[in-house]
Amino acid sequence: MKIIQVPFCFYPDPVGGTEIYVEALSHNLQQQGIEILIAAPGEVSQSYMHNQLKVRRFAVANKIKHLQEIYATGDPQAAFEFSLMIETEQPDIVHVHAFTSSISLRLVQTLKQRRIPVVFTYHTPTVSCLRGTLMQWGTQICDGKLDLHTCTQCTLQGLGLDQTSAKAITHLPSQLGAWLGGWNLQGGVWTALRMKKLVSLCHEALHAMFSEANHIVAVCNWVKDILLLNHVPSDKISVIRQGVCHNLPEKFNFCSHNNTSTLKIAFLGRLDPTKGIHILITALQTIPELPISLDIYGVSQSTNSNTYQQELQTLAINNSRITFKPPVPSEQVITTLKGYDLLAVPSQLLETGPMVVLEAFAAGIPILGSNLGGISELIQSEVNGLLVEPNSVTAWSQALQRLCLNKALIPQLKSGIQPPQKIETVADQMLSIYHAVLQN
């Protein structure tokens, strides 16, 4: 059996949890005799080896000419380069791990035309939410229902419009957006006036992708709920949670503790406002007298990440308790986390994991996390961590004070941690799906 795995990006690019997951899954499948190829968008088409995995990059367009290519139809050059690769590689199944302009409905339709089955994994809210967070108006959890008016208003508000203006634009006829699109008017007010039509096209493309995929993997329960709400048949969905991608310690010593008086906290993840690092830093600033240290191991994946990092460094200036550190190689995350009392996960979006929560549990340290999405599915508050109101600086400040002043709490939370699922278990479950898809 030959499987092509298609993530959003891949090494040597800066990667996130999805790409780490794809690499580990691919290694485990390869060890079971499955032929694996990683195919990811790139600046140029090329082939190379990474850590004993064959990788092919398919070139994307240097510039998107039409907005509908971003919101719905996808990049035609990426689809063309991908189709050339498929002709050469002739896979039995393609497993898609993203839904973007580069990995679009065009790619899925190319595969279905060749009768190649497609498995799709929903990894992040960006799959179905144009805002990318599934937080309606940026503050409240969205049920995920694809609704033209609601999604258009929320997307416009996320782009900077007030709700009154967003609602007014939503009530304009979709034909206006189509007409403006015919003239390829875009940017600023033109994009805003076209948004209702663009959202409509996006929803059509997403429904088509859900329909075309032979099977869909949800990595947490809230993803399955959204898929069902948007009319994906339940027998087409499997919930397979992520697994730890590196070897677990042979013995778990959950009761070990930091011998210093300082509460040592780590953050590992992307430097992006949706990750809520600014909330954490601001909360720490409100309790300057407490012995707490925060080490931020940030991953920068874009110019926006660099800008956000500068904002964070300005926010934390002259605070010796806060240190910015380079990203930790994925194979060293568990070892690194063992040196801390707890991991902070202050996300402001619906996470599907995140992977770092499982890695913290593998290291034997509890979580201080936002009461949202996949984080709240993994953490039992007061058992293996604490859940906090996501965007409340006061709530985060109070939680930090409690952890710092109650010396018995950290050991108590450590004792409630259970060893997380391994990637080997995930690979076995995925292999069963591949076999079932081929038999249908």
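Presented here is an overview of the structure given in this document. Computed from a predicted structure; not experimentally measured.

## Some points on the pairing of strand E13 (residues 322-325)
Next up, step 1: Taken together, the four bridges between strand E12 (residues 292-299) and E13 define a ladder with parallel strand orientation. Looking at E13, one finds that Leu294 is bridged to Ile322.
Next up, step 2: Regarding the hand of the β-α-β motif, the stretch spanning E12, helix H11 (residues 303-315) and E13 is right-handed.

## As for the nonpolar core
Next up, step 1: Leu268, Leu337, Leu343, Met430 and Tyr434 are the most contacted members of the largest nonpolar core, which totals 56 residues.
Next up, step 2: Leu343 has contacts with Ala266, Phe267, Leu268, Leu337, Val356, Val357, Ala360, Ile365, Pro366, Ile367 and Leu368, leaving out every residue within four places of it along the chain.
Next up, step 3: In terms of nonpolar packing, the next biggest core, distinct from the first, is built from 47 residues, Met85, Val96, Ile226 and Val232 among them.

## Remarks on helix H10 (residues 277-285)
Next up, step 1: Residues of H10 that are buried include every one of Ile277, Ile279, Leu280, Ile281, Ala283 and Leu284, and no others.
Next up, step 2: If you follow the buried residues of H10, they end up packed against strand E11 (263-270), E12, H11, E13, strand E14 (342-345) and helix H15 (393-405).

## Re the pattern of salt bridges
Next up, step 1: Overall, the coordinates contain 11 salt bridges when judged by the stated rule.
Next up, step 2: With its nearest N and O atoms 2.7 Å apart, the salt bridge here joins Glu87 to Arg114. Here Glu87 is found in helix H3 (residues 76-89), whereas its partner Arg114 is found in the loop between helix H4 (105-113) and strand E6 (118-122), with 27 residues between them in sequence.
Next up, step 3: Judged by its relative accessible area of 32%, Arg114 falls in the partly exposed class.

## Regarding the packing of H3 against H4
Next up, step 1: Axis separation between H3 and H4 bottoms out at 9 Å; the angle between their running directions is 30°. When the interaxial angle is binned, H3 and H4 end up roughly parallel. Between H3 and H4 lies a crossing whose hand is right-handed. Across the interface between the two elements, Pro76, Ala78, Ala79, Phe82, Ser83 and Ile86 of H3 pack against Arg106, Leu107, Thr110 and Leu111 of H4.
Next up, step 2: Along the lines of polarity and charge, the residues of the contact of H3 with H4 split into seven nonpolar, two polar and one charged.

## Things to note about the sheet that holds E6
Next up, step 1: The strand order across the open sheet built from eight strands is E3-E4-E2-E1-E5-E6-E9-E10, with neighbouring strands paired in mixed fashion. Lying at the two open borders of the sheet, with one neighbouring strand each, are strand E3 (46-50) and strand E10 (237-239). Strand-to-strand, the axes of this sheet are offset by a mean angle of 25°, without reference to chain direction.
Next up, step 2: Direction of pairing for E3 relative to strand E4 (residues 53-59): antiparallel, over a ladder of five bridges. Bridge pairing in E4 places Met49 opposite Lys54.

## Quick notes on the environment of Val328
Next up, step 1: With respect to the helices, strands and loops of the structure, Val328 is situated in the loop between E13 and helix H12 (333-337).
Next up, step 2: Residues Val328 and Ala399, 71 residues apart in the sequence, show an inter-C-alpha distance of 26 Å.
Next up, step 3: In this view, Val328 contacts Leu268, Tyr297, Val333 and Thr336; residues no more than four positions away in its chain are not counted.

## A few points about the side chain of His95
Next up, step 1: Its location among the elements puts His95 in strand E5 (residues 93-96).
Next up, step 2: Within the structure, the side chain of His95 is placed 3.4 Å from the side chain of Gln5, a separation counted as a polar contact.
Next up, step 3: For His95, the contacting residues outside a window of four places in its chain are Ile3, Ile4, Gln5, Val6, Val119, Phe120, Thr121, Met430 and Tyr434.

## Focus on H11
Next up, step 1: Taking 1.5 Å of rise per residue, 13 residues should cover 18 Å, and H11 covers 19 Å from first to last C-alpha, within 8% of that figure.
Next up, step 2: Of the residues making up H11, those classed as buried are Ser305, Tyr308 and Leu312. All buried residues of H11 lie within an arc of 65° about the axis, which places them on one face of the element. For H11, exposure combined with an orientation more than 90 degrees from the buried face picks out Thr303, Gln310 and Thr314.
Next up, step 3: Contacts from the buried residues of H11 go to H10, E12 and E13.

## Digging into the packing of aromatic side chains
Next up, step 1: Evaluation of the coordinates by the stated rule reveals four aromatic pairs.
Next up, step 2: Measuring from centroid to centroid gives 5.3 Å for Phe58 and Phe82, while their planes differ by 70°, and the two rings are edge-to-face. Here Phe58 is found in strand E4, whereas its partner Phe82 is found in helix H3, with 24 residues between them in sequence.
Next up, step 3: By relative accessible area, which is 1% here, Phe82 ends up buried.

## Comments concerning the sheet that holds E11
Next up, step 1: Read from one edge of the open sheet, six strands run E13-E12-E11-E14-E15-E16, paired in parallel fashion. Of all strands in the sheet, those bounded by a partner on one side alone are E13 and strand E16 (385-388). Adjacent strand axes in the sheet meet at a mean angle of 20°, parallel and antiparallel pairs treated alike.
Next up, step 2: For E11 and E14, the ladder comprises two bridges, and the chain directions are parallel.

## Focus: the environment of Ala218
Next up, step 1: Here Ala218 is to be found in strand E9 (residues 215-218).
Next up, step 2: In sequence terms Ala218 and Arg402 are 184 residues apart; their C-alpha atoms lie 35 Å from each other.
Next up, step 3: Look past the residues within four positions of Ala218 in its chain and what remains in contact with it is Val223, Lys224, Leu227, Ile237, Ser238, Val239 and Ile240.

## Examining unusual backbone geometry
Next up, step 1: Across the junction of Tyr11 and Pro12, the peptide omega takes the value 10°, indicating a cis bond.
Next up, step 2: Relative to the elements of secondary structure, Pro12 occurs in the loop between strand E1 (2-6) and helix H1 (17-31).
Next up, step 3: Cis rather than trans, the peptide bond between Gly353 and Pro354 has omega equal to -10°.
Next up, step 4: You can see Pro354 is positioned in the loop between E14 and helix H13 (355-363).
Next up, step 5: Of note in the backbone geometry, Asn51 takes a positive phi value of approximately 50° without being a glycine.

Rules used in this analysis
Each chain has its residues counted from 1, following the order in which its sequence is written. Reporting in this predicted model follows two pLDDT cut-offs: at least 70 for local features of residues, and 80 or more for side-chain atom pairs to be given and counted; totals over whole chains, interfaces and linings ignore these cut-offs and use all residues. Hydrogen atoms and water are omitted, and side-chain values are computed over all heavy atoms in the structure. Pairs of strands are assigned from DSSP output, requiring at least two bridges between the strands. Helix numbering and strand numbering both begin at the N terminus, where a helix is a DSSP run of H or I of at least 4 residues and a strand a DSSP run of E of at least 2. For a crossover, the right-handed case is the one in which the path from the first strand over the helix to the second runs clockwise, viewed with the strands pointing away from the viewer. Put simply, a nonpolar core is a bunch of buried Ala, Val, Leu, Ile, Met, Phe, Trp, Tyr and Cys residues held in one set by side-chain atoms that sit within 4.5 Å of each other. Here's how the labels work: a residue is buried when its accessible area is under 20% of the maximum for its type, exposed when over 50%, partly exposed in between, all with a 1.4 Å probe on protein chains only. By the convention used here, residues are in contact when the closest approach between their heavy atoms is within 4.5 Å. Here, a salt bridge means any Lys or Arg side-chain nitrogen found within 4 Å of an Asp or Glu carboxyl oxygen. Here, axes are lines fitted to C-alpha atoms. For helices the fit covers the stretch in contact, and angles between N-to-C directions go from 0 to 180 degrees. Orientation labels follow simple angle bins: below 35 degrees gives roughly parallel, above 145 gives roughly antiparallel, 65 to 115 gives roughly perpendicular, and whatever is left gives oblique. When the near helix sits turned anticlockwise from the far one by under a right angle, the crossing is termed left-handed; a clockwise turn instead gives a right-handed crossing. All amino acids are sorted into three groups, where Ala, Val, Leu, Ile, Met, Phe, Trp, Tyr, Cys and Pro are nonpolar, Asp, Glu, Lys and Arg are charged, and the leftover types, Gly among them, are polar. Distance and chemistry together define a polar contact, namely a pair of N or O atoms within 3.5 Å, with one atom able to donate a hydrogen and the other to accept it when in protein, and with adjacent residues in sequence counting only for side-chain atoms on both sides. One fewer than the residue count of a helix, multiplied by 1.5 Å, yields its expected span. Here the arc refers to the set of directions running from the helix axis out to each C-beta atom. Side-chain rings of Phe, Tyr and Trp (the six-membered ring for Trp) are treated as a pair once their centres are within 6.5 Å; stacked means planes under 30 degrees apart, edge-to-face means over 60, and tilted covers the remaining angles.

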